[in-house]
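The primary structure of each chain is shown beneath.
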Amino acid sequence: MNIIQKTLSFIGLQRRMAVSNSPDDPIWTNLFFSRKTASGITISTNEKAMQCSAVYACVRVLAEAVASLPLFIYRRNENNSREIATHHYLNYILHDRPNEFQTSYEFRETMLEHLSLRGNFYAYKEVNDGGQIVNLIPLNPTNIKVTSNNQTIIYEYTDDAGKINYWTSKEIWHVKGISNDGIVGYAPITIAREQIGLALKMEEHGARVFSNYARPSGILSTPGKLSENAAERLRKSWYQSQGGENVHKVAVVEEGLTWTSIGYSNEDSQFLESRNFQIEDIARIFKVPSILINHSDKAATYASVEQQMLSFVIHSLRPWLVRIEQSINKNLLTDTEKKQGYFAEHKLEGLLRGDIKSRYDAYAIGRQNGWLSANEIRELENLNPIEGGDNYDNPMLTPSPAQIENK
């Protein structure tokens, strides 16, 4: 390639980069995101990032927590009450069966995996002749390039066979994470590639240490002088009898040889401390309490763990839930449906229930102050309603029928 060809090629590259806002565009991936980290490991795919146990644990905690929450389409009535819109087609898709090959749980688990690692989730909206959504098909975010032109967003998707499809926002449901331009979300595995790469390198180092069993290491010494061939033969013989799988076997030395251990501990080399820090650093990136990924805090008490769980729901899960709910309202519900009072919402009560005493104390306060009815409390406890249970009067102040008769 001559200088003119190289120049034209670079200009074409610049033009392509200029219209691409997607961090998952292959052109960006090849130039930047596939670059080796300082630890020498390239973090360019979800699978590579998930090889880090801390990343896998954090993503799994977030994905499973969000996927397990009930997600419904509600309708707000004229009196400002609301009810689950069981008759609405979108309620069935989101709560039961988003497509032919996934349950709602599996679909939303995939969604959070894509959002947690790539910062973007894309699903193709398959509609029927009436324009109603019948399937939501998740797409591989690494195969999508997003461009915008005159307020129109174009999604260029390359399937596994190499076929390129061009879709607009009317055909694609796009949930994005924190973003610089409001069009495409940042990819966390790119932003945090150095931390993930270092954690993977430490795991690799630890595996190599224990595969070769670096401790004890030491010196075989003799009063005399060994020839070069004798020293090499002795080294090989010692490794065959004591290295690898033969470690901890009884060592036999002869000919005046003595063994002097110069082994070091992982604690002395701060290896374990460094690994612990990397785990905590990755948990910090995903906003997951370290106790949820089985990285215990020795100073934690029952009360502090309970507060961590509450903080996890409020500061980690809720932002994702609100982001998803608002995206559903904006991209899956029509303007007419929104004017009719339809909206999406997760049920968080299950995560905030607390212990039985705390729940019952809270119910008592709500019941006595008249903003909870008996049937609403029973519904929260998964109990069937009772006759007369929709009354909001304070039971402590309302006279019973027998008291009324006596009067």
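Please refer to the structure placed before this passage.
Residues numbered from 1 in each chain as written. Predicted model: local features only at pLDDT ≥ 70, side-chain atom pairs only at ≥ 80, totals over all residues. Heavy atoms only, no water.

(A) Broad picture of the nonpolar core. Core analysis: the biggest nonpolar cluster contains 51 residues, and Val55, Trp173, Phe286 and Ile328 have the highest contact counts within it. Looking at this core, the element that brings in the most residues is helix H4 (residues 53–67), giving 10 residues. Sequence-distant contacts of Phe286, defined by excluding residues within four places in its chain, comprise Val55, Cys58, Val59, Leu62, Ser116 and Leu117. Listed in part, the 10 residues of the second largest apolar core include Leu139, Val146, Ile172 and Val184. (Core = buried A, V, L, I, M, F, W, Y, C linked by side-chain atoms within 4.5 Å. Buried < 20%, exposed > 50% of the residue type's maximum accessible area, 1.4 Å probe, protein only. Helix = DSSP H or I, 4+ residues; strand = E, 2+ residues; numbered from the N terminus. Contact = heavy atoms within 4.5 Å.)

(B) Inspection of the pattern of salt bridges at higher detail. Scanning all chains against the criterion turns up 6 salt bridges. A salt bridge links Glu64 to Arg60; the shortest N-O distance between them is 2.7 Å. On the criterion of helical spacing, the pair formed by Glu64 and Arg60 is a turn pair, its members being 4 residues apart in helix H4. Taking the relative accessible area as the measure of exposure, Glu64 reaches 27% and is therefore partly exposed. (Salt bridge = Lys/Arg side-chain N within 4 Å of Asp/Glu carboxyl O.)

(C) How the structure looks around the pairing of strand E4 (residues 133–139). Burial analysis of E4 places 5 of its 7 residues in the buried class, which makes it a mostly covered element. Across 6 bridges, the pairing between strand E3 (residues 120–127) and E4 is antiparallel. Among the inter-strand pairings, Ala123 is bridged to a residue of E4, identified as Pro138. The turn joining E3 and E4, which pair antiparallel and follow one another in sequence, is formed by 5 residues; a positive phi near 85° is taken by Gly131. (Pairing = 2+ DSSP bridges.)

(D) Quick look at the sheet that holds E3. On the basis of which strands lie adjacent, the open sheet formed by 3 strands has the order E4-E3-E8 and antiparallel pairing. With partners counted over all chains shown, the strands left at the sheet margins are E4 and strand E8 (172–176), one partner each. The mean angle between the axes of side-by-side strands here comes to 25°, regardless of whether they run parallel or antiparallel. In the packing of helix H6 (residues 104–118) onto the sheet, contacts are made with E3, E4 and E8, and the angle to E3 comes to roughly 140°. (Axes fitted to C-alpha atoms, helices over the stretch in contact; angles between N-to-C directions.)

(E) Spotlight on the packing of aromatic side chains. One pass over the full model with this rule turns up 9 aromatic pairs. Ring centres 6.4 Å apart and planes at 20° place the aromatic pair Phe107 and Trp173 in the stacked group. Note that Phe107 is positioned in helix H6 and Trp173 in strand E8, a separation of 66 residues in sequence. Here Phe107 matches Trp173 in class, with each residue buried. (Phe/Tyr/Trp six-rings, centres within 6.5 Å; stacked < 30°, edge-to-face > 60°.)

(F) The environment of Glu64, seen in detail. Placed 41 residues apart in sequence, Glu64 and Tyr105 show a C-alpha to C-alpha distance of 8.1 Å. The contacts of Glu64, once residues within four sequence positions are left out, are Tyr105 and Glu109.

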